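# Working through the structure, step by step
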Amino acid sequence: MKLTRPCTTIAARWLLILSLITVPSLAWGQKNKSAPAPKAAPAAHAAPASHPSGGSAGGAHAGGGGATTANRGGTTTANKGATTTANKGATTTANKGTTTTANKGTTTTANKGTTTTTANKGATTTANKGTTTTTANKGATTTAGKGATTTTAGKGATTTTAGKGTTTTASKGATTTAGGKGTTAAGGKAGATNTAGKGGAAAGKGGAAKAPAKTVTTKSGNTARVSGGRVTSIKTAHGATITRGAHGATRVESRRPGGGRLVNTGRHGGYGERGYRGRDGHRYMGRTYYRGGHYYAYGYRGGYYHGGYYYGYVPAYYYGPAFYGWAYNPWAAPVVYSWGWGGAPWFGYYGYYFNPYPAYATAALWMTDYVISQNLQAAYEAQAAANANAAAAQGDAGAQQDASNGGGGGGVALTPEVKQAIADEVKAQLAAEQAAAQAPQPAAAAAAPAPAAAADTSADANQPEEVPAALDPNHRTFIVSDVLNETGPDGQDCSLSAGDVVTRIDDTPDANKSVKVLVSASQKSDCASGTQVAVAVDDLQEMHNHFREQLDSGLKTLADNQGKNGLPAAPDTKTKPNPDGQVKPDTSVKGELEAQQADADKAQADVQSDQAAAPSGQGND
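## Details of the sheet that holds strand β24 (residues 283-291)
What the ten strands build is an open sheet, ordered β17-β18-β19-β20-β21-β22-β23-β24-β25-β26; its pairing is antiparallel. Strand pairing shows two members of the sheet lacking a second neighbour, β17 (214-217) and β26 (308-314), which therefore form its edges. The sheet shows a mean angle of 25° between the axes of neighbouring strands, direction not considered. Together, β22 (261-264), β23 (269-277), β24, β25 (294-305) and β26 form the strand contacts of helix α7 (residues 537-561), whose direction differs from that of β26 by roughly 10°. Each of β17, β18 (223-227), β19 (230-235), β20 (241-244), β21 (250-255), β22, β23, β24 and β25 touches helix α8 (residues 589-613); the most contacted strand, β22, lies at about 65° to it.

If you want it as structure tokens, here you go:
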């Protein structure tokens, strides 16, 4: 019994000692497990990155370099830089740069860049191969970008997804950036902003929209229409209308005192009109051209249609029926004809547009190339003169011709199909002239031109309607003879130049006395081939008149050269005059054209000065 009591006493003492040691330890461990983690610093006061230590190898410091560990949880540190960890949660750091982590949640940082600072109340995952990522957000943020810098500072949910450029998102609303290869900025104070672009801030395939056409009026009273960044027409203070083509050519039109028009087709010439009464009792318009110091006069017969008069060309003379048959029917063998255009500047300039036939089986094909060439030569001369004048005014000799518009390369724009349509028009007109030549003619006495007032008499009352050639179903293909500006499908003005070809697709004029046409062939910078535009019936009639004038000029060239230069011999080339087509030239036209041109020059200079001085966007729509 004596031996047992000392043993019991000793065992009790050891149990007491063990309980005194164990209970405090358990209490301390429980306290450590339930203690809350410290709050993260506000975004504006996020802990700065620790700097590498320069003094201590591994001692404990407060605010110094080296590694300081104050954590009562499990900490694993594998870092080649200085690491400061102050967290009561589990932290795993594997970084080759400097990392400061102060977070209430779980933070995993795996970054090959320089510095990552994370101060977020939510879960943050940063995996970036770029230089610097700074995230200060109260919501969930996911950043996975290969670009240089991604900065997200937003109060809403922000998602930045895979951008190869620099992306900056600063928004108080929801912002989604799925961007591309350029720089995209989306910044809005409210609502959602979606940006998805390949070329910067704007997302669009067509770039900036074209400004709408507008009109501007200068202090001098000249009014200009501006479309597509260029002045397309001017109404002068004196009432003349200036049409400006895309290549520099201009056309000036005004009314003559006493009636009729005065039309300046460039410094190389123009024409003036006067009305007169024909021997058949119809109204006629006499037109006097002035070109190169010479006068040429033609007559045009008036026909009443839908409340107005349209004037059609009347030949000054006719050939015999046999000559028209020779021109209409196929020749015995195809003819290779030398035009002599090889060294002509206009021919090389329009090499992309026009290619003559290698041989001619009929006069109709020969005349097709003749008419086209006449229009292109006139267009080239008008453009060259206009550009030379502009260059002289600007002191820039290099502006004399727009070289970008010419040149060859590839197939020509004037296709064989379009040329065949012109040849068909030639044949139809040859047949019409042959029929007119065989019809009875009035007495062969010239009718004197009369003032317009004398032409407008009561004899015009209750006139039967005559469909003008411009609307005749038998005539649908027209060659543009003067510069025009029409409104394209996009609302912008586009030009039609001499030598372009259009096909009429409407038969009934609209309220503006215009019909729809299809652009069949066009030169560079003009209304694109295939475009549909509305053209005034008057302008189509003028194209047809000019076509007939050139047709008669071509017939004269054939008659003068038949049996020469490979052309077959023609039968009878004699002519007989057509009384209603005999018009005496009006020699006052030259002075009027010069005065008109001077007025146009002043108006254009005034508009140009006004446009240069006006801020962008000025004008009345």
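Having put the structure on the table, let's press on.
## Observations regarding the packing of aromatic side chains
For the structure shown, the criterion picks out 28 aromatic pairs. With centroids separated by 5.9 Å and ring planes inclined at 80°, the aromatic side chains of Y317 and Y319 adopt a geometry described as edge-to-face. Looking at Y317, the relative accessible area reads 26%, which means it is partly exposed. On the accessibility criterion, Y319 (5% relative accessible area) is buried. Three or more aromatic residues joined by ring pairs form one cluster here, namely Y337, W339, W341, W346, F347, F354, Y357, Y360, W366 and Y370.

## Structural notes on the sheet that holds strand β32 (residues 514-521)
Pairing between the strands of a sheet comes from backbone hydrogen bonds, and it takes one of two forms, parallel or antiparallel. The strand order across the open sheet formed by four strands is β28-β31-β32-β33, and the pairing between neighbours is antiparallel. Looking at which strands have only one partner, the edges of the open sheet turn out to be β28 (477-479) and β33 (532-536). Across the sheet, the mean angle separating the axes of adjacent strands is 45° when strand polarity is ignored. Pairing between strand β31 (residues 501-504) and β32: four bridges, direction antiparallel. Within the sheet, the bridge partner assigned to V502 lies in β32 and is V519. Packed onto the sheet, helix α5 (residues 416-438) meets β28, β31 and β32 and runs at close to 95° relative to β28. Running at roughly 80° to β33, α7 makes contact with β28, β31, β32 and β33 of the sheet.

Scoring rules and cut-offs
- Residues numbered from 1 in each chain as written.
- Predicted model: local features only at pLDDT ≥ 70, side-chain atom pairs only at ≥ 80, totals over all residues.
- Heavy atoms only, no water.
- Pairing = 2+ DSSP bridges.
- Helix = DSSP H or I, 4+ residues; strand = E, 2+ residues; numbered from the N terminus.
- Axes fitted to C-alpha atoms, helices over the stretch in contact; angles between N-to-C directions.
- Contact = heavy atoms within 4.5 Å.
- Phe/Tyr/Trp six-rings, centres within 6.5 Å; stacked < 30°, edge-to-face > 60°.
- Buried < 20%, exposed > 50% of the residue type's maximum accessible area, 1.4 Å probe, protein only.

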